[in-house]
Structure formats: structure tokens, C-alpha cells
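# What the coordinates show
Residues per chain are reported as follows:
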Amino acid sequence: MVNSNESDVLVIGGGICGVATAFHLAQLGQRVTVLERGEIASEASGVNAGGLGGLGWGNNPDLQSYLTAGSFEIFKTLQLDMGYDIEFMAPGGLQGIHTAEQWDWVRDRVHNYQMHGYHAELLTSRETRAMEPETSESLPGFMYLPKRGKANPTKATMAFSDAAAALGAIIKTGHNVEGMTQQQDGSWQVQTNQGEFRAKTLVLAVGAWSRPVGDMLGIEIPIAPIKGQMWATAPVPPSIFHLSGSMESPFDWSQQSPDNNFPPEITHHGDTRVTRHLYGGQSRNGEIIFGGDRQLVGYDYTPDATGIEVNRGHASEIIPLVGKLPIVRTWAGIMPFSMDGKPIIGKIPQFDNLFVLTGLASSGFGRGPMSGKLLADYIHTGHPAPVLSEVDPARCVIFK
Ligand SMILES: Cc1cc2nc3c(=O)[nH]c(=O)nc-3n(C[C@H](O)[C@H](O)[C@H](O)COP(=O)(O)OP(=O)(O)OC[C@H]3O[C@@H](n4cnc5c(N)ncnc54)[C@H](O)[C@@H]3O)c2cc1C
């Protein structure tokens, strides 16, 4: 009889990255077990804004095109072909431009995207209001990204877990991994609070906890836990149809020189705000949800009231309606940011049969499914897809 604690692959972490990897491995016929210390989607993957996608595939797809456009197709398949209601929709996204300087910068950026076959347009505020009536008429304009969409984060992450289980994967929640030992034959033994598990191959998909889990193996996986926070209004009638955000932060980040003490594209250096970041929209249940702050403050889940007010003011500049609606709830989650801004996906060079998928930062919900597929293909075939070369863990994972 096969021991139920034995599999081909053990995946640690039941966020979008772990369950998407498990689903694709199970599709390839691998026996997979997922070990999650809480519930599926109990961390970042369950509390995010559900924003998906990017610019499409482009003429010559790079890793970012694969992760965004590829994941978009996988979400679509879950909703339209596999029968999971994950609230997937593809309405496109609009990002407000606040100044003439930003307008010039966005115009060049849109032109560059279009030259490379990506989908982006520059709209005046009048053109935007024809598509999204509540947007402000006093902004110079908007960047429109028609290939953006949204899904319910908890439902989608659960759907990957259920789809993996339907293919035979074993999903163990409430299993906190406390140690990992490599056997002489190269296989892995994993200790949890609920017993031992064994597999030939081990995958670390533990998001913002990559550093403490790496510590158990004596390696440093350089991931910073970054707090993201959001707020929601009470349900209101359908009023905001696109994903909505601002170009202020991408513009500011493009002008700032890197600070080696912080990952790129965060909103605060210490207590000092370096930009305002904004994204959100309206959920199927009618709530209007916005957020954007990204702060390096450890594993802290307390929303910062000042930051929420700044974010709400920013949202009101884009969509004045939201400034009139009271905030009824706020929350925070912890995102995995790498120090060079790129994901970390592939084989950990220090050990045999050890893989990692992390560092998807603030867009890991929208990029997790294809990351999981690429990693599953790598494990199954023994060969990484060429697009994974830029995110090879060998560039940054070291023995401590
Ligand atoms: C407020 C907020 C808004 C966001 N908005 C968006 C958005 O709109 N679009 C988008 O694409 N992304 C968004 N993100 C980012 C996205 O949520 C993350 O990038 C993504 O969920 C990371 O997935 P993950 O699987 O790597 O990590 P997680 O979802 O954090 O999963 C890691 C799992 O590992 C488990 N784990 C850790 N240690 C152990 C252990 N020792 N044993 C067992 N299990 C362990 C944890 O319990 C956790 O469930 C947002 C994030 C936040 C916080």
C-alpha cells in the first residue's frame, strides 16, 4: 500500500503560487501534496485586490508577457471551461494621469508599448468618461490597458486547490512545516506539526515567508515582507466598471534612483512616503475597494489609518464618487518582494530536487498561475523554459 505521506512532489504553501504549481503538476500526472500551515488563501492570495493582466503577449513575448498574459488565459479557462465561478471578468484597466509631465511620459510609454505589439492607449478624460462615467473630468487623461481584468482572490485560489485535488493532489491545511531534511538518495523528508512527509522533490512556495523557511535549510532567500493595505466601502450599485488606478507611482519610480536598502517600487522608505500608489475597483458584491501602500514594516497586519486616508484622497482625485462614500472596513496582507524586483523561480542551486517560486511582489495573484505552470513544466521535464533564465534563483540565493 502507498503511504499517504509519500508523494512525487511536496509543495509548501497554499497561496496562489503553491496551488497553481500543484494543479499543473497534477495535470502532468505527478503525485503532489500541498502543506499549508493555515487555510488555502489565508495570506496574501486571499486578501488582494484581484487585479489581473497586463499588456497582452506583444510581438516577442518576454517573461512578464508570459506571466501576465499566460495567467490571464489560465484564469479564463478556470471560469469559462472548467466551471469554477471565480468572478473572472476582463473589462480592462484605466490609470489616471495627474500632470502635464506625467502625460508626456505616459505618451512615450504608450507609443513604445504599441511599437512592440502590446495593448495600450492614451485617452483624454472626455474619452475616458464615455467608458467610465465616474472618472474625474479635471485630469489631463488616462492610460487604458484593455487586456486587464479581475477575479475574486479567495475563490480563484480555492479553485486551483480544488482543481488540483480533483486530479488526485492531496491538500493538507493546518500543517506548519518546521524542518526539512535531505536524505542520502536526494529525496526530502519534511517535518510538520502533524507528522512527517516524504517526496523526491520539494517546492518552496511560501511567499513572504521565504526567508524564515530558507533559514531552516541554512540558505538565504532574499525576500522582504512588504505590507499592502486596502479599504472598502459598503456595497453600492454598479458604478466603477474598469480596474482603476493612477500613473503617479510608475512615473515617480521611473525618476527615483534605487536605494539598496529597499526593494524597488514601494511607497515608503522607512517612515517617509516616496510616492502615492493606487489601484482598485468595484467587486461583484458591490463593494468599492482601493489600496496601494507598500511598506517594509515586518509581519505587521495593522492597517495604517494615515496611509488609508492618503489613498482615499488619491482615489477621489481619479473617481470623485469614492470620496463621498464612508470606509466600512480596512485590512492588510504581506507581499513577497525581492531586492531586484524580479520573481525568484526555479531550482535552488545549493540542493538537488529543491525548487522555489516566490518574489511575485504586488502582482502575484495575476502572475501566479503561469508561474506555477512554468515551474511544474520545469520539474516534470527537468528543463527550464528559456524565459525563466532571468528569474533563476542562482542569481540571489546563497548559503548563509
Ligand atoms: C493588500 C494586497 C493587495 C494586492 N493586490 C493585488 C492585485 O490586485 N493583483 C495581484 O496580482 N496581486 C496583488 N497582491 C499581491 C498578491 O496577493 C501576492 O503577490 C500573491 O498572493 C503571493 O502569492 P504566494 O502564493 O507567493 O504567497 P501567499 O499567498 O502569502 O502564500 C504563501 C503561503 O505559505 C504559507 N506558509 C508560510 N510558511 C509556511 C510554513 N512554514 N509551513 C506551511 N505553510 C507556510 C502561508 O501560510 C501562505 O498561505 C496584493 C497583495 C496584498 C497584500
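These notes cover the structure that comes with them. Since the structure is predicted, the reported quantities are computational estimates derived from the model, not experimental observations.

What counts as what
Residues numbered from 1 in each chain as written. Predicted model: local features only at pLDDT ≥ 70, side-chain atom pairs only at ≥ 80, totals over all residues. Heavy atoms only, no water. Helix = DSSP H or I, 4+ residues; strand = E, 2+ residues; numbered from the N terminus. Rg over C-alpha atoms; globule rule 2.2 N^0.38 Å. Buried < 20%, exposed > 50% of the residue type's maximum accessible area, 1.4 Å probe, protein only. Contact = heavy atoms within 4.5 Å. Areas by Shrake-Rupley, 256 points an atom, 1.4 Å probe, with all protein chains shown as cover. Lys, Arg positive; Asp, Glu negative; His and termini not counted. Charge placed at Lys NZ, Arg CZ, Asp CG, Glu CD. Pairing = 2+ DSSP bridges. Axes fitted to C-alpha atoms, helices over the stretch in contact; angles between N-to-C directions. Salt bridge = Lys/Arg side-chain N within 4 Å of Asp/Glu carboxyl O.

## So, the overall build of the protein chain
Tallying secondary structure elements over the protein chain gives 10 helices and 22 strands in all. Relative to the 2.2 N^0.38 estimate, which gives 21 Å for 400 residues, the radius of gyration of the protein chain is 21 Å and therefore close to what a compact globule would have. Its C-alpha atoms give the protein chain principal-axis dimensions of about 70 × 45 × 45 Å. Taking all 400 residues of the protein chain together, 55% fall into the buried category. Within the protein chain, contacts between residues at least 6 apart in sequence are counted, and of these 74% link residues at least 24 apart. Total accessible area on the protein chain is roughly 16,400 Å²; 51% of this is exposed by carbon and sulfur atoms. Across the protein chain, the mean location of the 29 positive side-chain charges is 3 Å away from that of the 40 negative side-chain charges.

## Describing the pairing of strand β20 (residues 344–347)
Judged from the 4 bridges that link them, β20 and strand β21 (residues 354–358) form a sheet pairing that is antiparallel. Paired with G346 across the strands is V356, a residue of β21. Linking two consecutive strands that pair antiparallel, namely β20 and β21, is a turn of 6 residues; a positive phi of about 55° is found at N353 within it.

## Side note on the sheet that holds strand β18 (residues 288–295)
If you walk across this open sheet you meet the 8 strands as β5-β6-β4-β14-β17-β18-β13-β19, and the pairing is mixed. Two strands bound the open sheet, and with one partner strand each, they are β5 (121–124) and β19 (327–338). The mean inter-strand angle of the sheet, taken between neighbouring strand axes irrespective of direction, is 25°. Pairing between strand β13 (residues 223–233) and β18: 5 bridges, direction antiparallel. When the bridges of β18 are listed, K227 appears paired with Q295. Most of the contacts of helix α9 (residues 305–318) go to β13, to which it runs at about 60°, and overall it touches β4 (93–97), β6 (141–145), β13, β14 (243–246), β18 and β19.

## Looking at the pattern of salt bridges
Scanning the model with the defined rule gives 19 salt bridges in all. One salt bridge connects K227 with D300, and the closest N-O pair in it is separated by 3.7 Å. Taken together, the residues K227 in strand β13 and D300 in the loop between β18 and α9 connect sequence positions 73 residues apart. Accessibility expressed as a relative area gives 5% for K227, which makes it buried. D300 sits in the partly exposed class, given a relative accessible area of 25%. Among the charged side chains, a salt-bridge network with shared partners connects D104, R107 and D108.

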